[in-house]
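# Analysis of the macromolecular model
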Amino acid sequence: QLVSFERETVSVPTNISNGATASQAGENVEDVNNELSDAATGFGKQRGRTQISPTFGVFSTGQFGRTYHDGYRVRGGGTSGAVTPAFTGDSFSVIGTGELDASAQFNLEDIGLRISAFGGYAQNYVQLDRSVDGVNFTPFVGTGFNESGIFGGSVLVSKIAGEGNLNYGLVSAAGIFGSTNIRAADTGGRGSYGTQGVVISGKAGRNLAVSDNVRLDVRFGAAFNHFHGDGFTDDLGTRYGSSTVTAGQVSFEPGVSTAVLLGDVVVSPSARLLFIQRVGNDNSASVNGTSFTFEDADFTLGGQVATTFDVTDRLAAGIAVEGRVSEDDRTLLGKLSLTYLFGGG
């Protein structure tokens, strides 16, 4: 019965795809939030924003990455101790953001206030290994492919706290709407379902001027992510119930940045550590009336190195590499940002 249970679990890539998609959506919103807070505080950047007008600017961010996961632990169906196969996930996204400097727009003298709206596209592809614990027993390769639109907004408030220092806080909310196509590993059955989600997050930090060219940034973050997949029946008649991923997390993210002049180009390298603790995670679904819950590691340690280049008076580009590791997975992300002066001064 255990092998039969594990075979059925292997054939359900909905939970794995949902978990990967929800995680990516959270990372996409984090990328936007980090760009906003870093630009407002001057962390790793010499130019804050592309100005279309004196009080409005735009920027874009992109991300591509790969995750290697050892597999989820599974509860349900009257059996404990089952696991999914290991899997890989490949992700890509691009998001554009518009930002209003409300403090300049409304002549706020003692406080910085920036209001932003963003939207973009994201995709995530997961592929399950065909074995569990070295035993190859699935005739097909289980896969899941999600495409989503992401839309949201944020508010950032900052206040000068001594010479060269800045306290700041940011809150944001985003909606995720898309669809996922899956292929079951044991039957080869195919199906698709709609997906919806929401990400709510916040950050609070203090940015310190260590010297003329070195800044230290100490910030804390919190986020809540809820993702829902509609129920459906695949082309072979397997009934998949609705699926959900609910995840909270808190984080500590200290970083340091500097700036150097290389010829005519200002280069701003930075580095940041990530300590992430997940809270209250739940990843659940049902197949033919049997419910399953997938469990993942709670603590993640990560780090990021990044560099921003002020190439011309109109163009700034950034590149970052981020790695994360937990008890169950290892993730490597490449991130790109682009700031361009479309008009104005």
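Residues numbered from 1 in each chain as written. Predicted model: local features only at pLDDT ≥ 70, side-chain atom pairs only at ≥ 80, totals over all residues. Heavy atoms only, no water.

## Some thoughts on the overall build of the chain
Within the chain, the regular secondary structure consists of 3 helices and 22 strands. Within the chain, buried positions represent 48% of all 345 residues. The long-range fraction of contacts in the chain, counting pairs at least 24 apart against all pairs at least 6 apart in sequence, stands at 67%. Split by element, the accessible area of the chain, about 14800 Å² in all, is 58% carbon and sulfur. (Helix = DSSP H or I, 4+ residues; strand = E, 2+ residues; numbered from the N terminus. Buried < 20%, exposed > 50% of the residue type's maximum accessible area, 1.4 Å probe, protein only. Contact = heavy atoms within 4.5 Å. Areas by Shrake-Rupley, 256 points an atom, 1.4 Å probe, with all protein chains shown as cover.)

## A short note on the confidence of the model for the chain
Predicted confidence across the chain gives a mean pLDDT of 83, with 87% of residues reaching 70 or more. Counting contacts from residues 1-11, a segment whose pLDDT is below 50, to residues more than four positions away or on other chains yields 29 contacts. Confidence drops under a pLDDT of 50 for residues 46-53, and excluding neighbours within four residues, the segment shows 37 contacts in the predicted structure. (pLDDT = per-residue confidence, 0-100.)

## Focus on the pattern of salt bridges
Enumeration over the complete set of coordinates arrives at 13 salt bridges. Residue Arg 272 pairs with Asp 38 through a salt bridge whose shortest N-O separation is 3.6 Å. One end of the pair, Arg 272, is in strand 18 (residues 265-287); the other, Asp 38, is in helix 2 (residues 14-41), with 234 residues separating them in the sequence. On the basis of relative accessible area, Arg 272 is assigned to the buried category, the value being 7%. For the salt bridge of Glu 253 with Lys 203, the shortest nitrogen-to-oxygen distance reads 3.1 Å. With Glu 253 in the loop between strand 15 (243-252) and strand 16 (255-257) and Lys 203 in strand 11 (residues 190-209), this residue pair connects regions lying 50 residues apart in the sequence. Note on Glu 253: relative accessible area 5%, which makes it buried. In the salt-bridge network here, residues are joined through shared partners; they are Glu 30, Asp 38, Lys 203, Asp 217, Arg 219, Glu 253 and Arg 272. (Salt bridge = Lys/Arg side-chain N within 4 Å of Asp/Glu carboxyl O.)

## Examining the side chain of Ser 284
On the secondary structure map, Ser 284 appears in strand 18. You can call Ser 284 buried: its relative accessible area is 18%. At 3.2 Å, the side chain of Ser 284 and the side chain of Asp 282 are in polar contact. Leave out the neighbours within four places in its chain, and Ser 284 touches Asn 15, Ser 242, Ser 243, Thr 244, Phe 292 and Thr 293. (Polar contact = N/O pair within 3.5 Å; in protein donor to acceptor, adjacent residues only side chain to side chain.)

## A word on a nonpolar patch on the surface
Together, Phe 64, Phe 92, Val 94, Tyr 121, Phe 309, Val 311, Ile 319 and Leu 336 give the surface a local cluster of nonpolar side chains, amounting to about 670 Å² of exposed area. In this fold, Phe 64 is placed in strand 2 (residues 56-69). Note on Phe 64: relative accessible area 44%, which makes it partly exposed. (Patch = residues over 30% accessible without salt bridge, like charges linked within 9 Å, V, L, I, M, F, W, Y side chains within 5 Å.)

## Observations concerning the pairing of strand 21 (residues 315-326)
Every second residue of strand 21 is oriented toward a common face, the buried set being Ala 316, Gly 318, Ala 320, Glu 322, Arg 324 and Ser 326 and the non-buried set Leu 315, Ala 317, Ile 319, Val 321, Gly 323 and Val 325. Taken together, the 11 bridges between strand 20 (residues 299-310) and strand 21 define a ladder with antiparallel strand orientation. Across the sheet, the residue bridging to Thr 307 is Ile 319, located in strand 21. (Pairing = 2+ DSSP bridges.)

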